[in-house]
Amino acid sequence: MIKKHNLIDAFPEFEEKIHSMKVDNAHFKKLYEHYDELDHEIYRIESDAEPASDETLNHKRSERVRLKDEIYNFLKGN
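Residues numbered from 1 in each chain as written. Predicted model: local features only at pLDDT ≥ 70, side-chain atom pairs only at ≥ 80, totals over all residues. Heavy atoms only, no water.

*Asks:* Which residues make up the environment of Val65, and what values go with them?
*Replies:* Position of Val65 relative to the elements: it lies in helix α4 (residues 54-77). Owing to a relative accessible area of 48%, Val65 belongs among the partly exposed residues under this scheme. Distance from Val65 to Tyr35, taken between C-alpha atoms, is 9.2 Å for residues 30 residues apart in sequence. (Helix = DSSP H or I, 4+ residues; strand = E, 2+ residues; numbered from the N terminus. Buried < 20%, exposed > 50% of the residue type's maximum accessible area, 1.4 Å probe, protein only.)

*Asks:* Can you break down helix α3 (residues 26-46) residue by residue, with the values?
*Replies:* Helical geometry: 3.6 residues make up each α-helical turn, so side chains three or four residues apart lie on a common side. Helix length check: α3 (21 residues) gives 30 Å between terminal C-alpha atoms against 30 Å at 1.5 Å per residue, within 8%. Within the span of α3, buried status applies to Phe28, Leu31, Tyr32, Tyr35, Leu38, Asp39, Ile42, Ile45 and Glu46. The buried residues of α3 occupy an angular sector of 150 degrees when the element is viewed end-on, so they sit on one face. Counted as exposed and oriented over 90 degrees from the buried face of α3: Ala26 and Lys30. Elements in contact with the buried residues of α3: α1 (7-10), α2 (15-24) and α4. The N-cap of α3, judged by a side-chain oxygen 3.1 Å from the amide nitrogen of His27 a few residues on, is Asn25. (Expected span 1.5 Å × (residues − 1). Arc of directions from axis to C-beta. Contact = heavy atoms within 4.5 Å. Polar contact = N/O pair within 3.5 Å; in protein donor to acceptor, adjacent residues only side chain to side chain.)

*Asks:* So what's going on with the nonpolar core? Which residues, and what values?
*Replies:* Ranked by size, the top nonpolar core spans 18 residues in total, and within it Leu7, Phe11, Ile18, Phe28, Ile71 and Leu75 carry the most contacts. The greatest single-element share of this core, amounting to seven residues, is contributed by α3. With sequence-adjacent residues up to four places away left out, Phe11 is seen in contact with Ile18, Lys68, Tyr72 and Leu75. (Core = buried A, V, L, I, M, F, W, Y, C linked by side-chain atoms within 4.5 Å.)

*Asks:* Quick one: what's the story with the packing of α2 against α3, residue by residue and with numbers?
*Replies:* In contact at an axis separation of 6 Å, α2 and α3 are set at 115 degrees when each is read in the N-to-C sense. By the angle between their directions, the pair α2 and α3 is classed as roughly perpendicular. In this structure, the crossing between α2 and α3 has a hand that is left-handed. Each of Ile18, Met21, Lys22 and Asp24 in α2 lies in contact with α3, whose residues at this interface are Ala26, Phe28, Lys29 and Tyr32. Grouping the constituent residues of the contact of α2 with α3 by class yields five nonpolar, no polar and three charged. (Axes fitted to C-alpha atoms, helices over the stretch in contact; angles between N-to-C directions. Parallel < 35°, antiparallel > 145°, perpendicular 65-115°, else oblique. Left-handed = near helix turned anticlockwise from the far one by under 90°. Nonpolar A, V, L, I, M, F, W, Y, C, P; charged D, E, K, R; others polar.)

*Asks:* Any chance you could break down the packing of aromatic side chains for me, citing the residues and the numbers?
*Replies:* What describes a pair of aromatic rings is the distance from one ring centre to the other and the angle between the planes of the rings. Under the defined criterion, the tally for this structure stands at four aromatic pairs. A ring pair is formed by Phe11 and Tyr72, whose centres lie 5.2 Å apart and whose planes are at 35 degrees; its orientation type is tilted. Taken as a pair, Phe11 in the loop between α1 and α2 and Tyr72 in helix α4 lie far apart in primary sequence, 61 residues in all. On the basis of relative accessible area, Tyr72 is assigned to the partly exposed category, the value being 29%. Taken together, the ring pairs connect Phe11, Phe14 and Tyr72 into an aromatic cluster. (Phe/Tyr/Trp six-rings, centres within 6.5 Å; stacked < 30°, edge-to-face > 60°.)

Dropping the structure here:
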């Protein structure tokens, strides 16, 4: 099943922190928005709404994992 990878679903223990940091921290907001846009692009490719090569899809998935790790570390550290 193709689904989006929402950060709140991935990190439910940080739900309140994610919401407040999107408002209070410009750097976190930028990371969050970039992750969300990338996740949407991946979803469109996986659901065949947007054509892309396997190489492109794999690159985007790798970038999403990197961003998710960065966001997690940011949440833990702040």
